[in-house]
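Understanding the architecture of this molecule
The lines below spell out each chain.
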Amino acid sequence: MFPRPGALSWTVRRHTPRQVEPPCVCMTLTSRRQDSQEARPECQAWTGTLLLGTCLLYCARSSMPICTVSMSQDFGWNKKEAGIVLSSFFWGYCLTQVVGGHLGDRIGGEKVILLSASAWGSITAVTPLLAHLSSAHLAFMTFSRILMGLLQGVYFPALTSLLSQKVRESERAFTYSIVGAGSQFGTLLTGAVGSLLLEWYGWQSIFYFSGGLTLLWVWYVYRYLLSEKDLILALGVLAQSRPVSRHSRVPWRRLFRKPAVWAAVVSQLSAACSFFILLSWLPTFFEETFPDAKNPTSEPEEAGAEARMWTEGSPAMARCRPWPPLRPHSPLQGWIFNVVPWLVAIPASLFSGFLSDHLINQGYRAITVRKLMQGMGLGLSSVFALCLGHTSSFCESVVFASASIGLQTFNHSGISVNIQDLAPSCAGFLFGVANTAGALAGVVGVCLGGYLIETTGSWTCLFNLVAIISNLGLCTFLVFGQAQRVDLSSTHEDL
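Along each chain, numbering runs from 1 in the same order as the chain's sequence is written. Only residues with pLDDT of 70 or above have their local features reported here, since the model is predicted, and side-chain atom pairs are shown and tallied only from 80 upward, although totals for entire chains, interfaces and linings are computed over all residues. Hydrogens and water molecules were not included; the side-chain quantities draw on all heavy atoms of the structure.

Mapped onto the secondary structure, Ser397 falls in helix H20 (residues 394–408). At 2.9 Å, the side chain of Ser397 forms a polar contact with the backbone oxygen of Ser393. Contacts are assigned to residue pairs that have any heavy atoms within 4.5 Å of one another. If we ignore the near neighbours within four places in the chain, the residues touching Ser397 are Phe285, Phe286, Phe290, Leu388 and Thr391. Secondary structure is summarised from DSSP: a helix means a run of H or I of at least four residues, a strand means a run of E of at least two, and numbering begins at the N terminus for each. Any pair of N or O atoms that falls within 3.5 Å is considered a polar contact. Within protein, one atom must be able to donate a hydrogen and the other to accept it, and sequence-neighbouring residues count only if both atoms are side-chain atoms.

This is the structure in structure tokens:
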């Protein structure tokens, strides 16, 4: 998958006329069996490093949702204002997706990832300082989240570009699932450690924790896996705006004439939007709906009455209600609903990748397997999301949330890999386009979710929204999805 930096071998796909670029511009495939065997330790090191990088990406990303209730108490935010802060991440996130994929295709995804991680790790670490610069807390937090989105937006397109060049089709699902499992590891780590830090040291400690770990990861990659010369050469290519060769340009007109490409974009949009809504609002859902579960020493009647007061009532009352006062609670209860869903998602992600590659190796058509994975990732997961809105039991809610989040990881072996099936030569660009659509939908979805909760006083509307979005994407992919390459043409139409 990842050849040794000093022993790259250059190959060209037989059916794709491509001009070979110098090593400083892009990375290429290793085809010889001997080179592949020699590169195995390097492959394992990079796979583990990217898994950890994805983990830390989500540590930083999920820090704000974990801290939203506490920060709202400190700064006097209502749900609409909290929704603005939570959704502002996606305002920046949607702007750098295509850029990240294009840069990954051009100078190498690992360099793009390292440079961006150094920046968003620093921003995360100084977020508590930004919150106290002035009395305009909402403006500063919104700005920091937009900047965080800009910097993290390049990660997955650059990662897709890197894996599409390094991994064979029969291994893509499992490899992507391993690296993608970092998103659950990161959310799990923030939920587990963050719940304790929030209880013991306050919400500021969560940002220090996730930002500091990210900067340590950047130092490790720079020190042991990438050379200073590689980074300088990559920055030189960007600074000089060196033109891309004609044969390596993106055949974008050809791509977007294909229904399969639009099906992939719509399905990725749906998967990303539904996941972002749950990621942003699940902690608040458990905090508000089950205050008695977090405070086992309080009287059940009192806690139940307070829960009903904040989750029921007229829309007019809901719009003017502030956030409920925080109760002293057991960190174990917060640990349960912040950790268990993501703990379930890790083996689910790995199993989906293993199952997908196993079915393909057994002779099943790639598109059949991809659609099966999407049926689980969008269809079945939305059923459990709907169940969340129709239960009053804390234990049942944890089970339904875990099932929904766990099944969503099947998207890693479905649409995320399907984009690499369709256009491996420009997978970073195409994934950037699809994830841009998902990020834009995330902005609308998270804001709309906050508006629905505030207006109706009920969480059921939020989970109905998740189900509608998920099933629209699933139906589109089932009808129009394909797995044949669409980026091949004797005459490319250039970007």
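Axis separation between helix H5 (residues 97–107) and helix H9 (residues 155–166) bottoms out at 7 Å; the angle between their running directions is 30°. As summarised for this structure, H5 and H9 are arranged roughly parallel, according to the angle between their axes. When you trace H5 past H9, the crossing you get is right-handed. Facing Gln97, Gly100, Gly101, Gly104 and Asp105 of H5, the residues of H9 in contact are Pro157, Ala158, Ser161 and Gln165. Nonpolar residues are Ala, Val, Leu, Ile, Met, Phe, Trp, Tyr, Cys and Pro. Charged residues are Asp, Glu, Lys and Arg, and all others, Gly as well, are polar. Counted by class, the contact of H5 with H9 contains two nonpolar, six polar and one charged residues. All axes are obtained by fitting lines to C-alpha atoms, using only the stretch in contact for helices, and the reported angles, taken between N-to-C directions, cover 0 to 180 degrees. Roughly parallel here means an angle under 35 degrees, roughly antiparallel means over 145, roughly perpendicular means 65 to 115, and every remaining angle is called oblique. Crossing handedness: left-handed means the near helix sits turned counterclockwise from the far one by under a right angle, and right-handed means the same turn made clockwise.

At a minimum axis separation of 12 Å, helix H14 (residues 259–289) and H20 run at an interaxial angle of 160°. Taken together, the axis directions place H14 and H20 in an arrangement best described as roughly antiparallel. In the crossing of H14 with H20, the sense of the turn from one axis to the other is left-handed. Contacts between H14 and H20 involve Ser274, Phe275, Leu278, Leu282, Phe285 and Phe286 from the former and Phe394, Ser397, Val398, Ala401, Ser404, Ile405 and Gln408 from the latter. Partitioned by chemical class, the residues of the contact of H14 with H20 number nine nonpolar, four polar and no charged.

A few words on empty space enclosed by the protein. Using protein atoms alone on a 1 Å grid, points that fit a 1.4 Å probe yet trap it form a cavity, whereas open point sets bounded by protein on both sides within 12 Å along at least five of seven lines form a pocket; residues with an atom within 4 Å of a point count as lining. Grid points are joined across faces, edges and corners, and a volume is the space filled by probe spheres set on the points. For the structure on display, the rule yields eight cavities of 30 Å³ or more. Computed from the structure, the largest cavity encloses a volume of approximately 320 Å³. Counting only elements with at least two residues in the lining of the largest cavity, the list comes to helix H2 (40–61), helix H10 (169–200), H14, H20, helix H21 (415–422) and helix H22 (427–456). In terms of residue count, the dominant contributor to the lining of the largest cavity is H14 (five residues). Across the lining of the largest cavity, the residue classes tally to 11 nonpolar, 10 polar and one charged.

Turning next to the packing of aromatic side chains. Any two rings among Phe, Tyr and Trp, with Trp reduced to its six-membered ring, count as a pair given centres within 6.5 Å; such a pair is stacked if its planes are under 30 degrees apart, edge-to-face if over 60, and tilted if neither. Applying the stated criterion across every chain yields a total of 20 aromatic pairs. Pairing Phe75 with Trp203 gives two aromatic rings, centres 5.9 Å apart and planes at 75°, and the pair type is edge-to-face. Taken together, the residues Phe75 in helix H3 (residues 63–75) and Trp203 in the loop between H10 and helix H11 (204–225) connect sequence positions 128 residues apart. Trp203 shares its class with Phe75; the two are buried. For the ring pair Phe351 and Phe410, a centre distance of 6.5 Å and an interplane angle of 65° mean the geometry is edge-to-face. On the criterion of sequence distance, the pair formed by Phe351 in helix H18 (residues 331–361) and Phe410 in the loop between H20 and H21 is long-range, its members being 59 residues apart. Only protein chains enter the accessibility calculation, which uses a 1.4 Å probe. A residue is then buried if its area is under 20% of the maximum for its type, exposed if over 50%, and partly exposed in between. Judged by its relative accessible area of 44%, Phe351 is partly exposed. Residue classification places Phe410 among the buried positions, given a relative accessible area of 6%. Taken together through their ring pairs, the aromatic side chains of Tyr58, Phe89, Tyr93, Tyr155, Phe156, Phe275 and Phe276 make up a single cluster. Two conditions define a charge sitting above a ring: the NZ of Lys or the CZ of Arg must be within 6 Å of the ring centre, and it must be within 35 degrees of the ring normal. Sitting over the face of the ring of Tyr58, Arg61 holds its NZ or CZ atom 4.5 Å from the ring centroid.

Counting all residues, the mean pLDDT for the protein chain is 76, and 75% of those residues have values of 70 or more. Residue-level confidence of the predictor is what pLDDT reports, using numbers from 0 through 100. Note that pLDDT drops below 50 for residues 490–495; the model gives that stretch 19 contacts with residues more than four away or on any other chain.

As a further point, take the environment of Pro283. By secondary structure assignment, the location of Pro283 is in helix H14. The class of Pro283 is buried, set by a relative accessible area of 13%. Pro283 has contacts with Pro65, Ile66, Leu278, Phe337 and Asn338, leaving out every residue within four places of it along the chain.

Judged by side-chain polarity, Phe174, Leu350, Phe351 and Phe354 come together as a nonpolar surface patch covering roughly 370 Å² of accessible area. At three residues, the largest contribution of residues to the nonpolar patch is made by H18. Residue placement: Phe174 occurs in helix H10. With relative accessibility at 33%, the residue Phe174 sits in the partly exposed group. Patch membership needs two things, relative accessible area over 30% and no salt bridge, and members are linked within 9 Å if like-charged or within 5 Å if nonpolar (Val, Leu, Ile, Met, Phe, Trp, Tyr). Only the protein chains shown count as covering a residue, and every accessible area follows the Shrake-Rupley method with a 1.4 Å probe. Salt bridge, as applied in this entry: a Lys or Arg side-chain nitrogen positioned within 4 Å of an Asp or Glu carboxyl oxygen.

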